[in-house]
Amino acid sequence: MNIIFISAEVAPFSKAGGLADVSGALPQQLSSTGHNISVVSPLYSKINREMDSIRTTGIGALIQMGNEDVPFELYNFDHNQSDGPHQYFIHNDDLFGREGIYTLPNGEGFADNNFRYFFFQKAIIKLIEIEFFKPDLVHCNDHHTAMLPFFIINRKMEIATILTVHNFQYQGYFSQDEGKYLDELDAQRLVDIPSENRSSMYLGCTHAHQVNTVSPTYAVELLNIKELSYELHSTLNNISHKFSGILNGADYSYWSPENDTFIKHQYIASNLFGKSKNKVDLQIYCGFKNYSDKPLIGSISRLVENKGFYLILDIIPDLVEMGVQCVFLGSGMDDISQSLKDFANQYPDNIFYEGRFNEELAHNIEAGADMFLMPSRFEPCGLNQIYSLKYGTIPLVYKTGGLADTVQQWDGKNGNGFLFDQYTSSELLNMIQQAVKIWDDKKQWSSIISNAMEADFSWNQSAKQYIGLYETALEN
Ligand code: GLC
């Protein structure tokens with residue numbers, strides 16, 4: 001199949017979250033099964049063009065955006081390998097050559113995000129019209145690319161479309177006024193669409209041949225729990241015949257304690273000596289002076305409400321009382337980061353917080369912590385708990401979405417982690433107390449670790465399911 005895979009972020013070139021990891025790894029896996037894949041994303045200023053051998057193809061065009069003609073140029077990445085996906089970038093420095101991908105440094109979204117991503121998608125359509133791309137199928141991801149199925153159907157192009165939704169929280173609403181950046185043909189079709197549905201995600205869900213999200217449990221929850229699918233609840237139920245969940249995979253060439261180059265002591269399941277040395281290194285890094293035999297809990301997350309931080313903040317004094325140590329890595333909402341800073345000052349031997357993006361520390365937390373805390377209120381898939389399992393860092397999670405699909409409660413014999421299913425801080429604390437108690441029983445704890453490290457969530461299986469989805473879309 002000729003496939004174009006479109007995403008606003010693609011690792012290792014650009015990354016704001018898990019979408020980038022998936023857009024980096026899934027096309028790679030698909031291309032190793034013999035499909036011809038082109039990945040297209042915007043060319044942001046953080047991407048180092050020279051070092052990364054990213055050059056112009058010489059192809060470009062003007063895109064009409066309201067009364068303006070806005071130019072783009074197509075760049076490609078020369079990876080010097082015979083296999084692997086082709087990587088393309090849409091270049092326009094006014095729109096994409098900025099410090100952030102979606103936001104200003106203070107976290108506020110760019111005012112022209114709809115303009116930027118409409119432009120990006122119209123450039124893709126142009127490249128199909130001039131037959132630079134001749135896809136059998138276009139795979140779109142999240143709302144930044146979700147208008148493409150609508151554009152493709154309006155132009156009667158014979159191309160199958162898939163929309164993968166990594167998070168239903170962001171739906172890409174646009175105003176009546178922003179509708180003027182669409183082509184006449186598309187704008188006319190909007191007349192019949194009620195204004196509350198004027199979102200990229202609504203148009204994507206209703207026009208794509210197949211729609212999926214990134215875990216089976218989140219897919220079921222979206223159909224049943226209105227708060228999770230927001231304004232799209234009834235739309236999703238109307239399209240349930242073409243809606244499914246496919247669990248993300250993990251890239252174990254990058255996230256595995258055996259070959260992780262960010263950590264000092266590599267280790268394998270049958271010999272965890274390296275893990276205990278990594279723990280001491282991490283305690284030293286955090287400035288903890290107390291090495292008593294207590295568990296160290298790690299957290300790597302954006303600091304937002306739905307990742308469970310208000311529950312965590314409630315119980316930090318209890319955790320300190322129990323003698324556990326916690327290391328938090330991540331940036332986000334000011335009030336949450338301020339509280340974490342305050343706790344770190346108040347309890348310097350138990351709480352550590354670092355608020356900047358630090359890939360090396362992320363790997364060292366996975367490798368050095370005993371447990372990984374991820375009490376998300378909802379979680380489309382989640383990747384860090386999957387990485388944690390591979391590092392024998394036992395996940396402590398809320399029973400939801402992809403967390404419920406990857407973590408099984410330890411029952412004395414089976415299971416690879418701990419879950420709570422009432423979303424309150426006291427239930428979160430109960431779960432942690434239970435885990436800490438079992439941690440003291442070294443025999444049980446080592447069984448949990450070996451169950452965790454055995455789990456295999458490589459892309460192989462999921463890529464096969466995507467190919468199945470592509471085939472269904474093509475038949476449709
Ligand atoms: C989003 C979701 C996360 C998922 C990732 C990749 O970031 O919030 O749960 O793992 O996308 O699909």
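Scroll up to find the structure.
What counts, and at which threshold
- Residues numbered from 1 in each chain as written.
- Predicted model: local features only at pLDDT ≥ 70, side-chain atom pairs only at ≥ 80, totals over all residues.
- Heavy atoms only, no water.
- Pairing = 2+ DSSP bridges.
- Helix = DSSP H or I, 4+ residues; strand = E, 2+ residues; numbered from the N terminus.
- Axes fitted to C-alpha atoms, helices over the stretch in contact; angles between N-to-C directions.
- Contact = heavy atoms within 4.5 Å.
- Near = heavy atom within 4 Å.
- Polar contact = N/O pair within 3.5 Å; in protein donor to acceptor, adjacent residues only side chain to side chain.
- Areas by Shrake-Rupley, 256 points an atom, 1.4 Å probe, with all protein chains shown as cover.
- Nonpolar A, V, L, I, M, F, W, Y, C, P; charged D, E, K, R; others polar.
- Phe/Tyr/Trp six-rings, centres within 6.5 Å; stacked < 30°, edge-to-face > 60°.
- Buried < 20%, exposed > 50% of the residue type's maximum accessible area, 1.4 Å probe, protein only.
- Lys NZ or Arg CZ within 6 Å of the ring centre and 35° of its normal.

Chemist: Describe in detail the sheet that holds strand E12 (residues 351-354), supporting the description with residues and values.
Modeler: To summarise the sheet geometry, strands pair through backbone hydrogen bonds and adopt either a parallel or an antiparallel arrangement. Strand order in the open sheet formed by six strands is E12-E11-E10-E13-E14-E15, with parallel pairing between adjacent strands. The sheet is open, and its two borders are formed by E12 and strand E15 (418-420), each paired with just one other strand. When the angles between neighbouring strand axes are averaged without regard to direction, this sheet yields 20°. Running over the sheet, helix H12 (residues 334-346) touches strand E11 (325-329) and E12 and is turned about 140° from E12.

Chemist: Would you mind going over the site of the ligand in detail, with residue names and values included?
Modeler: With respect to spatial proximity, the complete set of residues near the ligand consists of Gly18, Leu19, Val22, His166, Asn167, Val214, Asn248, Glu379, Pro380, Cys381, Gly382 and Leu383. At 2.6 Å, a side-chain N or O of histidine 166 approaches an oxygen atom of the ligand. Backbone polar atom of cysteine 381 to an oxygen atom of the ligand: 2.9 Å apart, as the coordinates give it. Coverage of the ligand by the protein amounts to 89% of the 310 Å² it exposes when considered alone. The residue inventory of the shell around the ligand, partitioned by class, reads six nonpolar, five polar and one charged.

Chemist: Go over the sheet that holds strand E6 (residues 137-141), please, and point to the residues and values.
Modeler: Taken in spatial order, the nine strands make up an open sheet running E3-E4-E5-E2-E1-E6-E7-E8-E9, and their pairing is mixed. Where the open sheet ends on each side, the last strands, each with one partner, are strand E3 (54-65) and strand E9 (243-245). In this sheet, adjacent strand axes meet at a mean angle of 25° when their direction is disregarded. Along the sheet face, helix H1 (residues 18-32) touches strand E1 (2-6), strand E2 (36-42) and E6 and points at about 160° away from the line of E2. Packed on one face of the sheet, helix H3 (residues 113-129) meets E1, E2, E3, strand E4 (68-77), strand E5 (86-91) and E6 and runs near 110° to E3.

Chemist: Report on the packing of aromatic side chains, specifying residues and quantitative values.
Modeler: Scanning the model with the defined rule gives 26 aromatic pairs in all. Pairing tyrosine 117 with phenylalanine 120 gives two aromatic rings, centres 6.4 Å apart and planes at 90°, and the pair type is edge-to-face. Remark: phenylalanine 120 and tyrosine 117 occur in helix H3; sequence separation between them is three residues, near one turn of the helix. The pair tyrosine 117 / phenylalanine 120 is uniform in exposure class, with both members buried. When the centroid spacing of 5.1 Å and the interplanar angle of 75° are considered together, the rings of phenylalanine 132 and phenylalanine 133 count as edge-to-face. Using a relative accessible area of 5% as the deciding quantity, one classes phenylalanine 133 as buried. Taken together, the ring pairs connect Tyr44, Phe96, Tyr102, Tyr117, Phe119 and Phe120 into an aromatic cluster. Between arginine 98 and the ring centre of phenylalanine 110, over which it is positioned, the NZ or CZ distance is 4.7 Å. The ring of tryptophan 439 carries lysine 442 above its face, with NZ or CZ at 3.5 Å from the centroid.

Chemist: Give a description of the environment of glutamate 73 that names residues and reports values.
Modeler: Relative to the assigned elements, glutamate 73 resides in strand E4. Separated by 320 residues in sequence, glutamate 73 and threonine 393 place their C-alpha atoms 45 Å apart. In this structure glutamate 73 touches Thr56, Ile59, Gly60, Phe89, Ile90 and His91, once residues within four positions along its chain are discounted.

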